[in-house]
Amino acid sequence: MKKIVFFYLVLALKLVCIAQDGNSNKIYTEKNGDIYAVEFLSEENSGNSLPKTENEFFIKVLNKKSEDDFKETHNVSKRKGFNHTHSDQYYKGIKVIDGGYNFHYKNGKMYFCNGNYVKIENLNVAPDILPESAKELFAQYQMIPIDSILDFTCELIIKEMDFRKDTVVSQIPTLTYRIHLESAHNNNNEIGYIDAKTGKILMTEPNVINFSANGTFVTRYNGTRQGITQNYNGGFHLVDSTRGAIIHTWNVRNTSSNFGAIELTDNDNNWTTAEHTPENNDMGLDVFWSLQQIYDYFLINHQINSLDDLGLPLTAFVRWGNNPNDEDQAAWNGSENYFWFGDGAVVFRPVASLDVVGHEYGHGLTDFQIGWGSLNDQNAFHEGLSDIWGAILEQRINPGSQWRIGEKITLTKPYLRNLQYTNDANSLVQTADTYSSSQYNNASGDLKPYIRGGVFAHWFYILSNGEVGTNDIGSSYNVTGIGLDLAEELIAEAVFNNYLDNTTSYSAIRTSFINAASALYCANSPEVKAVTNAWYAVGVGSAFNGTLPSISGTEPVCTTRPFTLNNQPANTTLSWSSGNAAQMTVATNGTVTRVSNYSGAVNLIATIAGTTGCETNISKSIWLGNPVNSSMKVDGNNYYNGYPICPGNHWASVTYNGFASPATWTVQSGITYFVGSNQIDFTLPNNGYSSIWITAKASNVCAGTSSNSNFYLTKKTYGCGSMMVSIFPNPSSESLNLETSILSYDNESPIEIIADEIELLDENGQVLIHTFPISSTTQLDTRKIVSGQYYLHVRIGNEIIKRHIFVER
């Protein structure tokens, strides 16, 4: 049976958008002048010159021609007050691949549009060859026997194809059949694009996105876990139909086809290592459990029901492949909507770790939620975003080395890729961290999408964690991270609310993320600054040049003081709160009041909320009351009460927080000392004192208040004199004797002490003897030491005494 798919536009767009002042809108264009995004920055409607509906937008802004139409697709908004629509482009009723537009609304007002309008001139959309002929041409091209083809799908589309004339390559919209063959033949690994007029094979693309890789499951990579299975035909099966999407894992037993797949079963629902590790069947437990957890995570945290948000079954095949290349891979098959995972060969163990399953799940999400293809940089976007999802899902479900991909499955290197250090030598694949760098531009072959996708993944790392540095094109950057929670929220907003549909360049993706961040956190917020600067850090676009809101006021707060928010964005409301209401209260006008004579720092928080639903927090640490000691040190060491010191010269220091004046010092009578600002030099005599007190006192503008820091120091009478080591005989032939002692200030006769550690080293620093003495007299056996010069190190406390030793025979 053949399937012929034609697409027709049946419905005019009908959502209303707000007309804007033309001078207040920001329009983004490609180099050829095509508009890929528009920001509506003004809240006011200044006239009738701008579009009031999406259809008017297509006509007035995009200059849509009469042969073109746009058809709205399914979408459910995930946030109250927001609506996001997507429309695919059609030309004379035929779908235009990579053509479409997205509209983003807050409380009914459009604030951002983005997409790609493919301009088509006088294209005849009547095909000259039949789908059956196109199937035969593609089968011949792929060298696949006709009788091995069980079925095929033939979709008539319009797609921009590359045509070369001399040295110039042009993209020309072409009437095309997109063909997928259903065959178990080894050559059936691509989708074909055939000119519907001439029958010429225009291009192919992979039909899968390649690698990345209540029972009790003893999994290979995730420990012992619990998961729901299904009991039928006398056993328990890796099937779960209790969720909104059926999850099913199959075993293909080292073939490259899902035909003949068998189910993984267990007789008592206790899936043990002994039962399932042979032949690597236990990898199915990892895949099945991971898919259950990933499904739950997206449903609970992002309200997304499977890959398509409509409950698409999650089907996986494990032990895929009958050759090392396939066995060392994992994939999402976007043509038939299933996952497959190889059981490893040369490079990998069974390719079924949680981050690999998350990576492939990410490919499925991209297919359904965004629609990027698998050629050119869209393939790089695919890989970068899938690595992002892999890192997120591993951290959320079974935390490990979050920024390393594949660390549990690699055989020849510690991990596959590193999102933090993209050129880590311990990675199997080094990826680019800067757009348009030489590494990015020179990427080629099968690794090209992974290398170029590193820009996307590293952007997410920087956004989450922050980073300071200089990128590979010489741009210095300083990014303050927003944390994984907000970074993930932004990814979900962009992926599930149509910000990334029809984006074909990193610059377009950057623009979409900045607008998504503005919708979530308001324009000119710290989050928008971080998003912008993170893209700048990876070489995409300019650094943030806006003005952030900031809190100002006078500190310290003795009783009460007013604080204000500077540069509050237009069309936002402001509210104030305290990081600890038991220590500081805040009035609605920003006036803070110290509570219960508390002294210390408390966060003052200004919450900015947009009339269209965005929200961000600006915080400032406010000092209340007296200064507080933050550290006391004696001779540079952290002080504790009763700190022991030897007679002689010493120094003490104190550090205060809270706008403190320089310390004033008081020293016990009779002690010689010299005072600096926050440091004091003093001398402890040999006799007459067993302990001393030193007091430091500081104050700030809060009248009548001060903070005291007291040093209570005890005098050491043991271990304060000269360390002595007696060595004999030297030279030595058979043994070397050591006696360790010390002179006390109270008794000039030597006192025997035990050394902490003794080492005998050769001239190259190699340790020959290492011992921990148990008495003050130690004997070293030198009979196995060849004649020559050596070094003796004796450690007593923090002091190391060094001597030359000679062995002669």
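Our structure is the block above this text.
Here we summarise the structure given alongside this text. Quick caveat, the model's predicted, so the values are computed rather than measured.

Examining the overall build of the protein
- Check the secondary structure of the protein and you find twelve helices and 51 strands.
- Its C-alpha atoms give the protein a radius of gyration of 36 Å, clearly above 28 Å, the size a compact globule of 809 residues would have.
- With the principal axes as the frame, the protein shows a C-alpha extent of 110 × 75 × 65 Å.
- The buried share of the protein, reckoned over its 809 residues, is 51%.
- When the accessible surface of the protein is split by element, carbon and sulfur atoms take 47% of a total near 35,400 Å².
- Looking at the protein, you have 53 positive and 80 negative side-chain charges, and the mean spots of the two groups are 6 Å apart.

Let's talk about the sheet that holds strand 37 (residues 643-645)
- What the four strands build is an open sheet, ordered 37-43-42-39; its pairing is mixed. The open sheet terminates on both sides in strands that have one partner only, identified here as strand 37 and strand 39 (664-667). Taken pair by pair, the neighbouring strands of this sheet meet at an average axis angle of 30°, ignoring direction.
- In this sheet, strand 43 (residues 707-715) lies alongside strand 42 (residues 691-698) in antiparallel orientation, the contact comprising eight bridges. If you follow Trp693 over to strand 43, its bridge partner there is Tyr712.

Section: the side chain of Asn379
- Mapping Asn379 onto the fold places it in helix 7 (residues 376-397).
- With a relative accessible area of 14%, Asn379 lands in the buried category.

Remarks on the state of the cysteines
- In this structure the tally under the stated criterion is two disulfides.
- Between the sulfur atoms of Cys522 and its disulfide partner Cys614 the distance amounts to 2.0 Å. Negative torsions about the S-S bond denote left-handed disulfides, and the value of about 95° found for Cys522 with Cys614 makes this one right-handed. With a gap of 92 residues between them, Cys522 in the loop between helix 11 (506-521) and helix 12 (526-537) and Cys614 in the loop between strand 33 (600-610) and strand 34 (615-624) connect regions that are remote in the sequence.
- You can call Cys522 buried: its relative accessible area is 1%.
- Residue pairing for Cys558: its cysteine sulfur links by disulfide to Cys702, the two sulfurs lying 2.1 Å apart. Taking the torsion about the S-S bond as the criterion, the Cys558 to Cys702 disulfide, at about -95°, is left-handed. One end of the pair, Cys558, is in the loop between strand 28 (550-553) and strand 29 (560-566); the other, Cys702, is in the loop between strand 42 and strand 43, and 144 residues separate them in sequence.

Some points on helix 11
- For helix 11, with 16 residues, the first-to-last C-alpha span of 22 Å sits near the 22 Å given by 1.5 Å per residue.
- In the stretch just after helix 11, Cys522 is the one whose phi turns positive, near 80°.

Here's the deal with empty space enclosed by the protein
- Each pocket or cavity is described by its volume, and for the largest cavity that value is around 60 Å³.
- Lining the largest cavity we find Glu383, Gly384, Asp387, Arg417, Asn418, Leu419, Thr431, Tyr450, Gly453, Gly454 and Ala457.
- When residues of the lining of the largest cavity are traced back to their parent elements, those giving at least two are helix 7, strand 25 (417-418) and helix 9 (448-465).
- Counting residues per element, the lining of the largest cavity draws most heavily on helix 9, which supplies four residues.
- Grouping the constituent residues of the lining of the largest cavity by class yields three nonpolar, five polar and three charged.

Some thoughts on the environment of Ala245
- Tracing the backbone through its elements, the reader meets Ala245 in the loop between strand 16 (239-240) and strand 17 (247-255).
- Each C-alpha atom of the pair Ala245 and Gly311 lies 4.5 Å from the other, and the pair is 66 residues apart in sequence.
- Beyond its immediate stretch of four places on either side in the chain, Ala245 contacts Asp240, Tyr295, Asn305, Ser306, Gly311 and Leu312.

A few points about the pairing of strand 50 (residues 788-796)
- As defined by bridge partners, strand 47 (residues 757-761) adjoins strand 50 across five bridges and the pair is classed as antiparallel. Bridge pairing in strand 50 links Leu761 to Tyr791.
- Pairing of strand 50 with strand 51 (residues 799-807), which is carried by nine bridges, proceeds in the antiparallel orientation. Paired with Leu792 across the bridge in strand 51 is Arg803.

Notes on the sheet that holds strand 14 (residues 230-232)
- Ordered in space as 14-15-19, the three strands form an open sheet in which the pairing is antiparallel. This sheet does not close on itself; its edge strands, each paired only once, are strand 14 and strand 19 (265-266).
- Pairing geometry for strand 15 (residues 235-237) and strand 19, over two bridges, is antiparallel. Residue pairing for strand 19: Phe236 is matched across the bridge by Asp266.

About the cut-offs
- Positions within a chain are numbered from 1, following the residues in the order the chain's sequence is written.
- Whole-chain, interface and lining totals are the exception, using all residues; otherwise, since this is a predicted model, local features are given only for residues with pLDDT of at least 70 and side-chain atom pairs are given and counted only at 80 or more.
- Hydrogens and waters are ignored; side-chain quantities use all the structure's heavy atoms.
- Helical segments are the DSSP runs of H or I of at least four residues, strand segments are the runs of E of at least two, and each set is numbered from the N terminus.
- Our radius of gyration is a C-alpha quantity, and the globule rule it is checked against amounts to 2.2 Å times the number of residues to the power 0.38.
- Each residue is placed in one exposure class: buried if its accessible area under a 1.4 Å probe, protein chains only, is under 20% of its type's maximum, exposed if it is over 50%, and partly exposed if it falls in between.
- Throughout, the Shrake-Rupley method with a 1.4 Å probe supplies accessible areas, and for residues the shown protein chains are the sole cover considered.
- In summary, the charge assignment counts Lys and Arg as positive and Asp and Glu as negative, without counting His or the chain termini.
- The location of each charge is read from NZ of Lys, CZ of Arg, CG of Asp or CD of Glu.
- Strands were regarded as paired on the criterion that DSSP finds at least two bridges between them.
- Between N-to-C directions, angles span 0 to 180 degrees; the directions come from axes that are lines fitted to C-alpha atoms, helices contributing only their stretch in contact.
- Working definition: a disulfide is two cysteine sulfur atoms within 2.5 Å of each other.
- For a helix, the expected span equals 1.5 Å multiplied by the residue count minus one.
- Detection works on a 1 Å grid of protein atoms alone, calling trapped sets that fit a 1.4 Å probe cavities and calling open sets with protein on both sides within 12 Å along at least five of seven lines pockets, with lining residues defined by an atom within 4 Å of a point.
- Grid points are joined across faces, edges and corners, and a volume is the space filled by probe spheres set on the points.
- Classification convention: Asp, Glu, Lys, Arg as charged; Ala, Val, Leu, Ile, Met, Phe, Trp, Tyr, Cys, Pro as nonpolar; all other residues, Gly among them, as polar.
- We call two residues contacting when some pair of their heavy atoms lies within 4.5 Å.

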